[in-house]
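Coordinate inspection notes
The lines below spell out each chain.
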Amino acid sequence: MARHLELGLDTFGDVTRGRDGTLVPYPQVIRNVIEEAVLADQVGIDFFGVGEHHRDDFAVSAPETVLAAIAGRTTRIRLGSAVTVLSSDDPVRVYQRFATLDAASNGRAEVILGRGSFTESFPLFGFELSQYEELFEEKLSLFAELLKEEPVNWSGRTRPGLTDHRVYPPTESGRLKTWIGVGGSPESVVRAARYGMPLMLAIIGGDPSRFAPYVDLYHRALAQLGQPMLPIGVHSPGYIADSDEQAREELWPDNRILRDRIGAERGWGPTTRAEFDAEADGGSLYVGSPETVARKIAATATTLGIDRFDMKYSAGPLPHEKLMHSVELYGTKVIPMVRELLT
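Figured I'd write up the structure that's included with this text.

Quick look at the side chain of Arg-115 now. Following the sequence through the fold, Arg-115 ends up in the loop between strand 5 (109-114) and helix 4 (121-124). In this structure Arg-115 comes out as buried when scored by relative accessible area, which is 18%. A polar contact of 3.1 Å, which involves the side chain of Arg-115, links it to the side chain of Ser-188.

The structure is reproduced here in structure tokens:
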């Protein structure tokens, strides 16, 4: 049985469709994301994550700024990235921005570090894709030193070293909560254990149980490295409406737009309704009524023994009004049901 399960929401700030059918301007999308987060706080959701992207179908490229605006309008919900692309950023600045967010939010900030499944940020900020692995490994090693909130002595090949430097501001707790986002490579799982950071598994397709070996690997790696047991989270897509049929019919057209656009860039064929339904039935798409989604989350939590589940509730141009209803149902109905199922 799962331990106490935290339940969160993630968004990439997908550019949505307005009431007239046209795409909403980027500034309004960002304001809508803030409103969605405020509602999430009001209905009792534990965490709200905002992704970082640098492409025209997502509005948020600076999640820390959006999260700071959310912090000023919320009181209890924890706030973080989903994910921060550390490879193409500066670890010192990432740490400073999230430590500042932590101060502004009274200790509610978290950061999820990852390599990113999209690569637009690399040429944008002057990094070579050929250094994809090296950049992340080196910058993560520096970030791990920054988390100690002590004078930093570090050297590497991808940026100038630091000698006895302190980085400000420190956090009040003495440690910024930092996860490593992993898409499914054993090396990445072991890396998270090596640095003593919680593991966030991005499970965006297939039966979630196939990730059980990664959970086991993480536990074994922590034990062998002498690390304490640390939280494991899952990030997966989903959408909630009043009934199963309504949820599927509302999500399918916009999910297809998002999936086929990304698929065309990556050489995938067009998706089909049968594939969509298969993911909803037995895969990693949490779509349906509150009862259906709650049962599926509880099953995943039990199978994998996770500590947090974050549902990516935005999907392509799916309108803001429908997203707001999904957020409301998640907080008021799904979360209580999941808690009861896991009791």
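The structure having been displayed, the exposition proceeds.
Here the focus is the pairing of strand 5. Looking along a regular strand, one sees side chains alternate from face to face of the sheet. Of all six residues making up strand 5, six are buried, and the element is well covered by its neighbours. Both faces of strand 5 are covered, namely the face carrying Ala-109, Val-111 and Leu-113 and the face carrying Glu-110, Ile-112 and Gly-114. Looking at chain direction, strand 4 (residues 84-85) and strand 5 are connected through two bridges and run parallel. By the bridge assignment, Val-85 is partnered in strand 5 with Gly-114. As defined by bridge partners, strand 5 adjoins strand 8 (residues 177-182) across four bridges and the pair is classed as parallel. Bridge pairing in strand 8 links Glu-110 to Lys-177.

Let us now look at the pairing of strand 8. The pairing of strand 8 with strand 9 (residues 199-202) spans three bridges and is classified as parallel. Within the sheet, the bridge partner assigned to Val-182 lies in strand 9 and is Leu-201. Between the parallel elements strand 8 and strand 9, the chain passes through helix 6 (residues 186-194) in a crossover that is right-handed.

What follows deals with the packing of aromatic side chains. In the structure shown here, the tally under the stated rule is eight aromatic pairs. Seen from their ring centres, Phe-12 and Phe-58 are 5.7 Å apart, and the 85° between their planes marks the pair as edge-to-face. Here Phe-58 lies in the loop between strand 2 (47-50) and helix 2 (63-71) and Phe-12 lies in the loop between strand 1 (6-11) and helix 1 (26-42), a separation of 46 residues in the sequence. Neither Phe-12 nor Phe-58 differs from the other in exposure class; each is buried. Where Tyr-95 meets Phe-143, the ring centres are 5.9 Å apart and the plane angle is 65°; that geometry is what we call edge-to-face. In this pair, Tyr-95 sits in helix 3 (residues 91-104) while Phe-143 sits in helix 5 (residues 132-146), placing the two residues 48 residues apart along the sequence. Residue Tyr-95 shares its accessibility class with Phe-143, and that shared class is buried. Joined through ring pairs, the aromatic side chains of Phe-12, Phe-58 and Phe-118 make up one cluster.

Moving on: the pattern of salt bridges. If you walk through the whole model with that rule in mind, you get 31 salt bridges. Glu-35 serves as the salt-bridge partner of Arg-73, at 2.7 Å between the closest nitrogen and oxygen. A residue pair is termed long-range when its members are at least 10 positions apart, and Arg-73 in the loop between helix 2 and strand 3 (78-81) and Glu-35 in helix 1 qualify at 38 residues. By relative accessible area, which is 45% here, Arg-73 ends up partly exposed. Residue Glu-35 is classed as partly exposed on the basis of its relative accessible area of 31%.

In terms of nonpolar packing, the biggest core is built from 93 residues, with Phe-48, Phe-143, Leu-201, Ile-297 and Tyr-330 touching the most fellow members. In terms of residue count, helix 11 (residues 320-341) provides more of this core than any other element does, seven residues in total. Each residue touching Phe-143, except ones within four places of it in the same chain, is listed here: Leu-86, Pro-91, Val-94, Tyr-95, Val-111, Leu-113, Leu-176 and Thr-178. By size, the runner-up hydrophobic cluster in this structure holds five residues, among which are Phe-12, Phe-58, Phe-118 and Ile-262.

Turning our eyes to something else, we now look at the environment of Ser-81. Of note, Ser-81 is situated in strand 3. The exposure class assigned to Ser-81 is buried, which follows from its relative accessible area of 0%. Setting aside chain neighbours within four positions, we find Ser-81 in contact with Phe-47, Val-50, Leu-67, Phe-98, Glu-110, Val-111 and Ile-112. A distance of 3.0 Å separates the side chain of Ser-81 from the backbone nitrogen of Ile-112, its partner in a polar contact.

Cut-offs used in this document
Residues numbered from 1 in each chain as written. Predicted model: local features only at pLDDT ≥ 70, side-chain atom pairs only at ≥ 80, totals over all residues. Heavy atoms only, no water. Helix = DSSP H or I, 4+ residues; strand = E, 2+ residues; numbered from the N terminus. Buried < 20%, exposed > 50% of the residue type's maximum accessible area, 1.4 Å probe, protein only. Polar contact = N/O pair within 3.5 Å; in protein donor to acceptor, adjacent residues only side chain to side chain. Pairing = 2+ DSSP bridges. Right-handed = clockwise from strand over helix to strand, strands pointing away. Phe/Tyr/Trp six-rings, centres within 6.5 Å; stacked < 30°, edge-to-face > 60°. Salt bridge = Lys/Arg side-chain N within 4 Å of Asp/Glu carboxyl O. Core = buried A, V, L, I, M, F, W, Y, C linked by side-chain atoms within 4.5 Å. Contact = heavy atoms within 4.5 Å.

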